[in-house]
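Survey of secondary and tertiary structure
This is what each chain is made of:
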Amino acid sequence: AFSGWRGALASLATAGLVFALCGLRPLAFASRAMPPALEGRDIQVLGTVFAMPQRNAGGARFRLQVQSATLDGQAVNVPPSIYLGWYGETATDGVVPDLAAGQTWSLTVRLKAPHGNANPGSFDYELWLWEQGLQATGYVRSGKGARQSVRLLQDSWRYPVERARQHVRDRVYATVSDRRTAGVMAALLVGDQAAIERADWDVFRATGVAHLMSISGLHVTLFAWVAGWLLRLVWRQSVRLCL
């Protein structure tokens, strides 16, 4: 009987510890939130692009891992991971450079805390940013009026998987002339859901296959790798097939 009580107490203590850790993580995450006093200010940040950027007609959006930040020459604390837009009208020559994962940039940015619509049934943008670990959004200030120019400091293979995904996606866009088809192919090949246009998402939702595009892109690629490996294994067992 004593061992039974001891086991029950151990289970209860474990459950309490897990519950406490679940609460501790969001508290630690919230402690690194964007300071309100820094919103809308020109901040100089040094950081590395850590995910595949998303390009569109107006420019690009990308995720930056911040290494340091200064305001008027004084060091300031900003969230470690931020989501930035770089648009043509903010570029020095009107052209946004080719961004890639692993590049380290010195940028002048304006940031704000994440905000999203609270309409029932609509996409919860603020929750999505929380899930992605992004605690501030903003844009690059590189045109007229920016205090400091932007600079590419280093281009490395620090994030090889993201660079490989971007290479495959860019090859798809270069090979497939139809942008909508290329977007669907990129989503299935490398899981780039943002490549799918809004109109196509509407079609996928109406036909009940949106979840396949959302979760099955990398699964299709994984299955293709496994199928190719099995086919190669079987093929090598036959002298006739090898010849």
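Below or above, wherever it landed, is the structure these notes cover. Source: prediction; values computed, not measured.

**Remarks on the overall build of the protein chain**
- When you go through the protein chain residue by residue, the secondary structure sums to eight helices and eight strands.
- For a compact globule of 243 residues, the expected C-alpha radius of gyration is about 18 Å, and the protein chain comes in at 23 Å, more than 25% above that figure.
- Residues classed as buried in the protein chain amount to 35% of the 243 residues present.
- Restricting the contact set of the protein chain to residue pairs at least 6 apart, pairs at least 24 apart contribute 66%.
- Of the accessible surface of the protein chain, which amounts to about 15,400 Å², a share of 61% is contributed by carbon and sulfur atoms.
- Each charge class in the protein chain can be summarised by its mean position, and for the 25 positive and 17 negative side chains these summaries are 7 Å apart.

**Some thoughts on a nonpolar patch on the surface**
- On the surface, L222, W225, V226, W229, L230 and L233 cluster together to form a nonpolar patch covering roughly 650 Å² of accessible area.
- Tracing the backbone through its elements, the reader meets W225 in helix α7 (residues 217–235).

**Regarding the packing of aromatic side chains**
- Taken as a whole and judged by the stated rule, the model has six aromatic pairs.
- With a centroid separation of 4.4 Å and 65° between ring planes, the pair formed by F29 and W130 is classed as edge-to-face. Of this pair, F29 sits in helix α1 (residues 2–30) while W130 sits in helix α2 (residues 125–132), placing them 101 residues apart in sequence.
- Owing to a relative accessible area of 39%, W130 belongs among the partly exposed residues under this scheme.
- Relative to W86, the ring of F62 has its centre 6.4 Å away and its plane inclined at 45°; by these criteria the two rings are tilted.

**A few points about the side chain of Q54**
- Its place among the elements puts Q54 in strand β2 (residues 54–56).
- At 2.9 Å, the side chain of Q54 forms a polar contact with the side chain of D192.

**Some details on the pattern of salt bridges**
- All chains considered together, the criterion is met by 11 salt bridges.
- Here E197 makes a salt bridge to R180, at a shortest N to O gap of 4.0 Å. Separated by 17 residues along the polypeptide, E197 in the loop between α4 (179–190) and α5 (198–206) and R180 in helix α4 bring together distant segments of the chain.
- Between R205 and D202 there is a salt bridge; the shortest N-O distance is 3.4 Å. Linking R205 with D202, this pair stays in helix α5, spanning three residues, or about one helical turn.
- A relative accessible area of 53% means that R205 is categorised as exposed.

Reading the values: the criteria
- Residues numbered from 1 in each chain as written.
- Predicted model: local features only at pLDDT ≥ 70, side-chain atom pairs only at ≥ 80, totals over all residues.
- Heavy atoms only, no water.
- Helix = DSSP H or I, 4+ residues; strand = E, 2+ residues; numbered from the N terminus.
- Rg over C-alpha atoms; globule rule 2.2 N^0.38 Å.
- Buried < 20%, exposed > 50% of the residue type's maximum accessible area, 1.4 Å probe, protein only.
- Contact = heavy atoms within 4.5 Å.
- Areas by Shrake-Rupley, 256 points an atom, 1.4 Å probe, with all protein chains shown as cover.
- Lys, Arg positive; Asp, Glu negative; His and termini not counted.
- Charge placed at Lys NZ, Arg CZ, Asp CG, Glu CD.
- Patch = residues over 30% accessible without salt bridge, like charges linked within 9 Å, V, L, I, M, F, W, Y side chains within 5 Å.
- Salt bridge = Lys/Arg side-chain N within 4 Å of Asp/Glu carboxyl O.
- Phe/Tyr/Trp six-rings, centres within 6.5 Å; stacked < 30°, edge-to-face > 60°.
- Polar contact = N/O pair within 3.5 Å; in protein donor to acceptor, adjacent residues only side chain to side chain.

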